[in-house]
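Tertiary structure, described
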Amino acid sequence: MTIGKSSHRDHGRSSDARSAETDSATGPQAGAVSDTRPTIGRVLADARLAAGLTVDEVSASTRVRVPIVHAIEEDDFSRCGGDFYARGHLRSLARAVGADGDALVARYDDLHGTAPVVLAPVARLDAKRIRADRGRPTWTGAMLVAIAAVVLLIVFNLFSSKPGKAAAGAASSPLPSVAASASASPSPSASPAQPPAPAPSIAPIAAAPADKVTVKLVAEGGASWVSALDGDGNSLFQNDMDDGSNQTFTDPKQIKLVIGNAAAVHLYVNGKDLGPAGKDGQVVHLTYTPGDPQAG
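Let us look at the structure shown here. (Residues numbered from 1 in each chain as written. Predicted model: local features only at pLDDT ≥ 70, side-chain atom pairs only at ≥ 80, totals over all residues. Heavy atoms only, no water.)

1. So, unusual backbone geometry
As a reminder, the rule being used: Strands here mean DSSP runs of E at least two residues long; helices mean DSSP runs of H or I at least four residues long; both are numbered from the N terminus.
Look at Arg63: it is not a glycine, yet its phi comes out positive at around 65°. Mapped onto the secondary structure, Arg63 falls in the loop between α3 (55-62) and α4 (66-73).

Right under this line is the structure:
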């Protein structure tokens with residue numbers, strides 16, 4: 001009887017051991033491994049400190065406002081204005097402090113369950129721009145038409161002034177003599193007609209076709225994140241514009257713009273200079289159509 005009880009207890013211990021092993025196999029090791037990497041904000045803050053930069057210096061170089069920089073370094077993206085702007089801010093800040101912007105954006109998408117905007121392939125975008133350029137009138141042709149119009153106007157004015165001179169001297173001498181006497185003793189009343197002033201130079205943006213909308217963006221005094229869509233919702237451009245760079249877009253229907261730092265982008269729409277798109281650090285949404293830019 002003693003041997004039987006001991007065997008029963010040993011069998012119970014073996015069952016408990018197997019149960020513990022089963023529990024350990026389905027326990028923490030079988031679950032998801034916690035992410036021990038530094039947060040997105042910590043990565044940016046550490047990179048900034050390693051680069052010896054202050055928040056004010058990073059804000060000045062990226063045009064991202066100081067409160068937003070502080071919030072991102074604390075992993076608070078609520079002040080960015082949405083996922084689209086959060087990705088743009090992450091790329092700008094990462095570039096300024098020497099961090100990997102693409103990796104940070106990928107982590108942001110994993111954490112917030114959002115998918116990045118898919119950009120059109122480079123080949124498709126280039127082909128579309130080539131087709132658009134072929135459909136536009138060349139600036140050389142527009143210049144030649146303007147010059148021809150000025151020449152015709154001058155010739156018309158010269159010929160229209162000759163009958164008056166001929167009538168004044170017809171009673172005394174033929175037409176050649178009248179022309180000679182007029183050149184010898186000019187009078188204020190019979191002075192030759194002055195040719196019109198030369199036409200002002202025509203800038204390329206001024207010759208924009210009337211049946212399309214043409215928008216030119218010039219980055220002045222800083223950089224800005226810019227997104228441009230055509231009338232069918234296709235992406236024409238989505239990237240940072242550095243100081244001194246420019247982009248021109250044309251579409252038969254409309255051009256929709258999102259500008260992350262409005263003061264740094266100068267607008268020329270349908271041949272009109274509209275000045276800066278907005279204030280420093282302001283995010284603006286603009287839509288322009290053919291005709292008066294104020295109607296867009």
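2. With respect to the nonpolar core
To keep it simple, the criterion reads: Working definition of a nonpolar core: buried Ala, Val, Leu, Ile, Met, Phe, Trp, Tyr and Cys residues. They are joined through side-chain atoms within 4.5 Å. Note on classification: 1.4 Å probe, protein chains only; a residue is buried when its accessible area is under 20% of the maximum for its type, exposed when over 50%, partly exposed between these limits.
One finds Val215, Leu217, Leu257, Leu267, Leu286 and Tyr288 to be the most contacted residues of the largest nonpolar core, which totals 21 residues. No other element matches the four residues that strand β1 (residues 213-219) contributes to this core. Counting residues in each nonpolar core, the second largest holds 19 residues, with Leu44, Val55, Ile72 and Val97 among its members.

3. As for the packing of aromatic side chains
Stated precisely, the cut-off is as follows: Here is the rule: rings of Phe, Tyr and Trp (six-membered ring for Trp) pair when centre to centre is within 6.5 Å. Planes less than 30 degrees apart are stacked, more than 60 are edge-to-face, and the remainder are tilted.
What the rule picks out here adds up to four aromatic pairs. Here Phe77 and Tyr108 contribute two aromatic rings whose centre-to-centre distance is 5.0 Å and whose plane-to-plane angle is 75°, an arrangement assigned as edge-to-face. Of this pair, Phe77 sits in the loop between α4 and α5 (83-97) while Tyr108 sits in helix α6 (residues 101-112), and the two are 31 residues apart along the sequence. Residues Phe77 and Tyr108 agree in their burial class; the two are buried.

4. Things to note about the sheet that holds strand β2 (residues 224-229)
How we decide: In this scheme, strands are said to pair when DSSP sees at least two bridges between them. Geometry is summarised by axes, namely lines fitted to C-alpha atoms with helices restricted to the contacting stretch, and by angles between N-to-C directions that run from 0 to 180 degrees.
Ordered in space as β3-β2-β5-β8, the four strands form an open sheet in which the pairing is antiparallel. The outermost strands of the open sheet, each flanked by one partner alone, are β3 (235-241) and β8 (284-288). Adjacent strand axes in the sheet meet at a mean angle of 10°, parallel and antiparallel pairs treated alike. Examined bridge by bridge, β2 and β3 share six bridges and lie antiparallel to one another. Residue pairing across strands places Trp225 opposite Asp240, the latter belonging to β3.

5. Remarks on α6
What counts is decided by this rule: By definition here, a helix of n residues has an expected span of 1.5 Å times n minus one. By the criterion applied in these results, polar contacts are pairs of N or O atoms within 3.5 Å in which, for protein atoms, one can donate a hydrogen and the other can accept it, and in which residues neighboring in sequence qualify only through two side-chain atoms.
Between its terminal C-alpha atoms α6 stretches 16 Å, which fits the 16 Å expected from twelve residues at 1.5 Å a residue. Considered for burial, the residues of α6 that qualify are Gly101, Leu104, Val105, Arg107, Tyr108 and Asp109. By the N-cap criterion, in which a side-chain oxygen at the helix start approaches the backbone nitrogen of a residue two or three places on, α6 is capped by Asp100, the distance to Asp102 being 3.3 Å. The positive-phi residue at the C-terminal boundary of α6 is Gly113, with phi of around 65°.

6. What to know about the packing of α3 against α4
This is how it is decided: Here is the rule for angles: anything less than 35 degrees is roughly parallel, anything more than 145 is roughly antiparallel, 65 through 115 is roughly perpendicular, and the remaining ranges are oblique. Left-handed describes a crossing whose near helix is turned anticlockwise from the far helix through less than a right angle; right-handed describes the clockwise counterpart. The contact criterion used throughout is that any non-hydrogen atoms of two residues lie within 4.5 Å. Note on residue categories: nonpolar means Ala, Val, Leu, Ile, Met, Phe, Trp, Tyr, Cys or Pro, charged means Asp, Glu, Lys or Arg, and polar means any other residue, Gly included.
Two numbers describe how α3 lies on α4: the axes approach to 9 Å, and their chain directions differ by 115°. What the angle tells us is that α3 and α4 run roughly perpendicular. For the pair α3 and α4, the sense of crossing is right-handed. The residues of α4 that touch α3, namely those facing Val55, Asp56 and Ser59, are Val66, Val69, His70 and Glu73. Of the residues that constitute the contact of α3 with α4, the class distribution is three nonpolar, two polar and two charged.

7. Concerning empty space enclosed by the protein
Stated precisely, the cut-off is as follows: In the cavity and pocket records, a cavity denotes points on a 1 Å grid over the protein atoms alone where a 1.4 Å probe fits but cannot get out, a pocket denotes an open set with protein on both sides within 12 Å along at least 5 of 7 lines, and lining residues are residues with an atom within 4 Å of a point. Grid points are joined across faces, edges and corners, and a volume is the space filled by probe spheres set on the points.
In this structure the tally under the stated criterion is one cavity of 30 Å³ or more. Size it by volume and the largest cavity reaches roughly 30 Å³. Lining the largest cavity are Leu44, Arg48, Val58, Val69, Glu73, Leu93 and Val97. Breaking the lining of the largest cavity down by element, the ones donating at least two residues are α2 (40-50), α4 and α5. Here the residues of the lining of the largest cavity are counted per class, giving five nonpolar, no polar and two charged.

8. Some details on the sheet that holds strand β6 (residues 265-269)
In a beta sheet, neighbouring strands pair by backbone hydrogen bonds and run either parallel or antiparallel. One open sheet accounts for four strands, arranged β4-β1-β6-β7; its pairing is antiparallel. In the strand order of this sheet, the two ends are held by β4 (246-251) and β7 (272-276), each with one partner. Shown here is a sheet whose adjacent strand axes are inclined to one another by a mean of 15°, direction ignored. Here β1 runs beside β4; their pairing, made up of six bridges, is antiparallel. Counterpart to Leu217 in the pairing with β4 is Gln247.

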